[in-house]
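Observations on chain architecture
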Amino acid sequence: DAGITQSPRHKVTETGTPVTLRCHQTENHRYMYWYRQDPGHGLRLIHYSYGVKDTDKGEVSDGYSVSRSKTEDFLLTLESATSSQTSVYFCAITPDISYEQYFGPGTRLTVT
Amino acid sequence: AQTVTQSQPEMSVQEAETVTLSCTYDTSESDYYLFWYKQPPSRQMILVIRQEAYKQQNATENRFSVNFQKAAKSFSLKISDSQLGDAAMYFCAYRMPGTYKYIFGTGTRLKVLA
């Protein structure tokens with residue numbers, strides 16, 4: 001158990017509304033990630049962070065922003081949700097002395 | 001561009017039998033890491049096994065083993081003595097050298113038949 005929680009676990013929202021997903025870790029790992037999972041696409045990286053206030057874009061970052069003001073929290077924001085952002089969102093961490101990733105339980109987001 | 005390909009969207013195996021899931025990747029690097037993750041219906045992503053490219057020996061974790069063919073850029077997962085609990089989506093992943101970024105395949109859904 002890598003001590004990763006995500007909130008909320010499920011959310012339904014309307015097109016055009018802002019949405020923020022939270023990832024929280026208890027181990028103070030430096031590297032944190034946000035992915036989205038869609039059928040036929042596997043997991044695709046949205047943004048990742050390599051330290052407080054240090055973030056970078058992934059392959060599907062359009063329409064998403066992130067913030068990391070504390071080591072333990074990594075926030076993903078959809079400024080104006082669209083139906084194409086309906087997906088399952090996973091947070092992940094990589095321990096500093098390791099090479100693999102560990103994942104949170106996921107958040108199912110539905111944009112109507 | 002570095003890519004990971006899982007060409008089998010779905011596989012089936014009889015309980016207690018052996019099944020092999022395929023994964024190929026494209027890279028010009030020589031030192032990298034490869035992983036297999038399992039995603040059961042609970043949706044939780046679980047690390048199954050990892051392989052360091054500089055190691056010639058294939059990684060093994062209990063009933064799970066890999067066939068790593070570096071020259072062919074192939075990284076298949078063998079599950080022996082399949083159990084009903086092995087039914088899940090399986091994802092192959094590649095860690096980009098010199099970064100902390102990962103590329104995932106599209107997944108293979110494994111069904112285990114009683």
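Residues numbered from 1 in each chain as written. Chains lettered and ligands numbered in written order. Predicted model: local features only at pLDDT ≥ 70, side-chain atom pairs only at ≥ 80, totals over all residues. Heavy atoms only, no water.

1. Description of the confidence of the model for chain B
Per-residue confidence for chain B gives a mean pLDDT of 94, with 99% of residues at or over 70. Confidence, read as mean pLDDT per element, is least for strand S7 (residues 60-61) of chain B in chain B (90) and greatest for strand S3 (residues 19-21) of chain B (98). (pLDDT = per-residue confidence, 0-100. Helix = DSSP H or I, 4+ residues; strand = E, 2+ residues; numbered from the N terminus.)

2. Here's the deal with the environment of Pro95 of chain A
Residues and elements named next belong to chain A. Relative to the helices and strands, Pro95 is located in the loop between strand S9 (87-94) and strand S10 (102-103). Spatially, the C-alpha atom of Pro95 lies 5.4 Å from that of His29, the residues being 66 residues apart in sequence. Not counting residues within four places of it along the chain, the set of residues in contact with Pro95 comprises His29, Glu100 and Tyr102. (Contact = heavy atoms within 4.5 Å.)

3. Describing the state of the cysteines
Residue and element names in this part refer to chain A. Counted according to the given criterion, the structure contains 2 disulfides over all chains. The disulfide that involves Cys23 links it to Cys91, with 1.8 Å between the sulfurs. Linking Cys23 and Cys91, the disulfide has an S-S dihedral of approximately -70 degrees and is accordingly described as left-handed. Separated by 68 residues along the polypeptide, Cys23 in strand S3 (residues 19-25) and Cys91 in strand S9 bring together distant segments of the chain. Accessibility classification places Cys23 together with Cys91 in one group, the buried group. (Disulfide = S-S within 2.5 Å. Buried < 20%, exposed > 50% of the residue type's maximum accessible area, 1.4 Å probe, protein only.)

4. A closer look at the sheet that holds strand S1 (residues 4-7) of chain A
Residues and elements named next belong to chain A. Pairing in this open sheet of 4 strands is antiparallel, and the strands run S1-S3-S8-S7 from one edge to the other. A strand with exactly one partner marks an edge of an open sheet, and here the two such strands are S1 and strand S7 (64-70). Between one strand axis and the next, the sheet turns through 20 degrees on average, direction left out of account. Looking at chain direction, S3 and strand S8 (residues 73-78) are connected through 6 bridges and run antiparallel. Looking across to S8, one finds that Leu21 is bridged to Leu76. (Pairing = 2+ DSSP bridges. Axes fitted to C-alpha atoms, helices over the stretch in contact; angles between N-to-C directions.)

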